[in-house]
Amino acid sequence: MDFELKTLTRARICNEKCDALVVLVPQDFSSTADPVSVLVALALKSGDFEAKPGKLLSAYRTLGIAATRTVLVGAGDGSPKQIRTAVNAALGALKASNAQRVVVCLSVLNSQQADVVRAAVVACSDALYSYTATKSKASPAKLQRVVIGVSSLADAQAGFDKGIALAKGMDFAREWGNRPANHATPTMLAGAARELGKFPNIKVEVLGPKEVAKLGMGSFMAVAQGSDEPLRFIVLHYEGAAKAEAPVVLVGKGITFDSGGISIKPAAEMDEMKFDMCGATSVLGTFRALAELQPALNVVGLIPASENMTGGSAVKPGDVVTSMSGQTIEILNTDAEGRLVLCDALTYAERFKPKAVIDIATLTGACVIALGSVRSALFSTDEALAQALTQAGESSLDLCWRMPLDEEYAEGLKTNFADVANIAGRAAGVVTAAKFLQRFATRFAWAHLDIAGTAWKGGAAKGATGRPVPLLLDYLLGQVSLAKAEKAPAKAKPVKRRVLLPKTGV
Ligand code: BES
Ligand code: MN
Ligand code: ZN
């Protein structure tokens with residue numbers, strides 16, 4: 001998909017030649033004398049069109065308007081959230097048409113601030129994504145080019161740039177999240193990470209079974225031992241700031257297929273466990289976005305990638321393993337494997353002396369029961385980190401909700417046979433999983449995002465969502481502003497944009 005940002009004053013909208021002109025109409029629409037405004041005013045007056053978010057009215061070859069199709073879409077209060085709804089509805093409708101070049105016109109909106117433009121770009125990309133990787137007759141998307149029209153570039157450019165970076169990051173995350181387990185093995189996932197290593201300032205290292213054994217990651221290895229696919233431990237570095245600056249570490253659960261292991265899952269919907277690496281793909285997607293924006297900070301990505309299978313050498317309920325931290329774990333349920341791969345990655349994170357560590361995981365079915373698909377669950381031992389992540393969720397429209405970490409929740413993890421068990425009772429399963437992880441995250445500011453309900457959709461629209469790439473990117477960019485404010489509290493210099501081209505077209 002090709003995006004362009006263009007100045008389009010209200011008077012000139014009618015001259016814009018394109019296959020479809022999408023005009024976002026806010027509730028407080030005020031008419032001027034140009035043909036598009038007249039059309040909007042007539043449509044509103046007739047009652048055939050309302051400015052409610054997502055309402056559509058299409059016209060074909062309208063007098064005085066150069067576009068082949070004109071699509072009016074209600075933009076409600078003009079907030080980023082309602083812009084998202086509006087653009088999604090309009091582009092969703094145009095996706096099936098023959099339109100190739102579409103202009104999404106924001107010029108009629110009273111506010112065309114950066115966050116509005118960003119929301120519009122992300123919603124376009126969302127609506128136009130289509131999965132083709134494993135289809136034999138993938139028809140190329142007809143819609144090739146989207147022009148975002150605004151009345152002035154001044155406020156819009158930064159939002160546009162962020163939107164493009166997010167669109168690329170979310171597409172990357174969606175694409176790898178959607179791939180079936182036989183097309184996204186741990187080795188292939190490492191290959192996807194290596195592709196990212198071709199961008200400026202990104203380095204990628206991949207460890208195999210031997211190196212992981214040498215590190216003493218007994219817990220991670222236990223999960224992988226029932227599969228014929230060898231595990232991979234993927235380490236990504238984004239170096240946008242001085243080496244001395246402490247990085248933020250992102251840890252993504254990379255279970256490329258979760259059968260449950262010997263504690264096997266029921267057959268219904270087991271296919272959806274190919275999405276059990278969406279934590280990992282959100283880390284990869286965030287790196288893809290960083291590659292685009294090149295912000296001044298350091299980020300490390302850690303991905304423990306493996307299958308969770310039932311082979312003859314699979315780990316058994318009751319087995320006790322020794323984690324990299326030295327803590328022993330009784331594996332009472334082999335289906336609680338996410339925490340087993342994450343705990344060793346958290347211990348590995350210590351070596352980077354990180355500013356903060358955030359793990360992202362499709363960790364528990366209980367999370368889906370608690371929060372559904374609206375908000376991810378957030379846990380944190382650090383107030384500032386919790387606040388920054390909550391705020392990033394709000395500003396990027398990728399919401400999360402903070403959950404408790406009271407010590408009483410850890411009671412059920414006690415066992416007679418090891419330092420800790422990998423499951424507690426059924427109650428508060430989303431919290432007890434976090435309490436397990438917390439034992440391995442004592443040496444840094446830590447947050448955990450359970451994305452089991454938000455990372456993919458089931459049913460007819462089955463597919464990965466690309467969440468929480470927007471939340472993570474906004475958090476990271478917020479850290480850049482913070483660092484800048486700390487270094488130079490008095491003067492705020494405009495940032496020079498570095499233009500760096502990737503070596504491939506990932
Ligand atoms: N990957 C699953 C969590 C999951 C299940 C996410 C369904 C989304 C939908 C995870 O590995 C798992 O199986 N968790 C168990 C933990 C339990 C055994 C304590 C669960 O939630 O059932
Ligand atoms: Mn599981
Ligand atoms: Zn899992």
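What counts, and where the lines are drawn
Residues numbered from 1 in each chain as written. Chains lettered and ligands numbered in written order. Predicted model: local features only at pLDDT ≥ 70, side-chain atom pairs only at ≥ 80, totals over all residues. Heavy atoms only, no water. Helix = DSSP H or I, 4+ residues; strand = E, 2+ residues; numbered from the N terminus. Buried < 20%, exposed > 50% of the residue type's maximum accessible area, 1.4 Å probe, protein only. Pairing = 2+ DSSP bridges. Axes fitted to C-alpha atoms, helices over the stretch in contact; angles between N-to-C directions. Contact = heavy atoms within 4.5 Å. Salt bridge = Lys/Arg side-chain N within 4 Å of Asp/Glu carboxyl O. Donors = N, O, S within 2.8 Å, 3.2 Å for Na, K, Ca; no water. Tetrahedral: all angles 85-135°; square planar, octahedral: opposite > 155°, others 65-115°. 1 Å grid on protein atoms, 1.4 Å probe; cavity = no way out; pocket = protein on both sides within 12 Å on 5 of 7 lines; lining within 4 Å. Points joined across faces, edges and corners; volume = space filled by probe spheres on them. Nonpolar A, V, L, I, M, F, W, Y, C, P; charged D, E, K, R; others polar. Polar contact = N/O pair within 3.5 Å; in protein donor to acceptor, adjacent residues only side chain to side chain.

*Asks:* Help me understand unusual backbone geometry in this model?
*Replies:* Residues other than glycine predominantly adopt negative phi, and peptide bonds predominantly adopt the trans conformation. Between R467 and the following residue, P468, the backbone shows a cis peptide bond with an omega angle of 0°. With respect to the secondary-structure elements, P468 resides in the loop between β20 (463-464) and α13 (469-487). In this structure, L397 takes a positive phi of about 60° despite not being glycine. Relative to the helices and strands, L397 resides in the loop between α11 (383-395) and β16 (400-402). Judged by its relative accessible area of 22%, L397 falls in the partly exposed class. You will see that A428, though not glycine, has its phi angle at about 50°, which is positive. With respect to the helices, strands and loops of the structure, A428 is situated in the loop between β17 (420-421) and α12 (429-438).

*Asks:* Mind showing me how you'd approach the sheet that holds strand β1 (residues 2-7) here?
*Replies:* Two orientations exist for strands paired in a sheet by backbone hydrogen bonds: parallel and antiparallel. Read across the sheet, six strands follow the order β1-β6-β5-β2-β4-β3 without closing on themselves; strand pairing throughout is mixed. Both edges of this open sheet fall to β1 and β3 (56-60), since each of them pairs with a single strand only. Pairwise comparison of adjacent strand axes, ignoring direction, gives a mean angle of 20° for this sheet. Bridge count for β3 against strand β4 (residues 69-74) is five bridges, and the pairing is antiparallel. By the bridge assignment, L57 is partnered in β4 with L72. The sheet strands contacting helix α3 (residues 114-128) are β1, β5 (101-105) and β6 (145-150), and the helix crosses β6 at an angle near 160°. Of the strands in this sheet, β1 and β6 touch helix α4 (residues 153-178), which is tilted by about 175° from β1.

*Asks:* Sorry, what's going on with the pattern of salt bridges here?
*Replies:* Side-chain pairs of opposite charge can arise where the charged atoms are in close proximity. Taken as a whole and assessed by the stated rule, the structure comprises 26 salt bridges. Note that R179 and E175 form a salt bridge whose closest N and O atoms lie 3.4 Å from each other. Three or more residues are tied together by salt bridges with common partners; here these are D2, E4 and R145.

*Asks:* In this structure, what is going on with the coordination of the manganese ion (ligand 2)? I would like to understand it.
*Replies:* Ideal values differ by geometry: the angle at a metal is 109.5 degrees with four tetrahedral donors, but 90 or 180 degrees with six octahedral donors. For the manganese ion (ligand 2), the full set of protein donor atoms is D258 (OD), D335 (O), D335 (OD) and E337 (OE), at a range of 2.0 to 2.2 Å. Here the manganese ion (ligand 2) is ringed by six donor atoms whose angles at the metal span 71 to 168°, and the overall shape comes out irregular. Binding-site remark: the manganese ion (ligand 2) is held by donors from one chain whose sequence spacing is D-x76-D-x1-E. Between the manganese ion (ligand 2) and the zinc ion (ligand 3), a separation of 3.2 Å is found, and both are coordinated by D258. A residue pair is termed long-range when its members are at least 10 positions apart, and D258 in strand β10 (residues 254-258) and E337 in the loop between β13 (328-330) and α9 (338-349) qualify at 79 residues. When sorted by exposure, D258 lands in the same class as E337, which is buried.

*Asks:* Which parts of the structure should I look at to understand the coordination of the zinc ion (ligand 3)?
*Replies:* At 2.0 to 2.4 Å from the zinc ion (ligand 3) lie its protein donor atoms, namely K253 (NZ), D258 (OD), D276 (OD) and E337 (OE). For the zinc ion (ligand 3), the six donor atoms are set out with angles of 79 to 175° between them, so the coordination reads as octahedral. Positions of the donor residues of the zinc ion (ligand 3) along the chain correspond to the pattern K-x4-D-x17-D-x60-E.

*Asks:* For this particular structure, what's the right way to read empty space enclosed by the protein?
*Replies:* A water-sized probe rolled over the atoms picks out the places where empty space is left. Scanning the entire structure with this criterion turns up one cavity of 30 Å³ or more. For the largest cavity, the calculated volume is near 40 Å³. The wall of the largest cavity is formed by A173, C278, T281, S282, A455, A464, T465, G466 and R467. Its residues placed into classes, the lining of the largest cavity shows four nonpolar, four polar and one charged.

*Asks:* Whenever I open this one, the side chain of S380 confuses me. Can you help?
*Replies:* Take S380: it is sitting in strand β15 (residues 376-380). A distance of 2.8 Å separates a polar side-chain atom of S380 from the backbone oxygen of W446. Ignoring any residue separated from it by four or fewer positions in sequence, one finds S380 in contact with L385, A386, R402, L405, W446 and A447.

Everything listed here is a matter of coordinates, which is why it stays silent on function.
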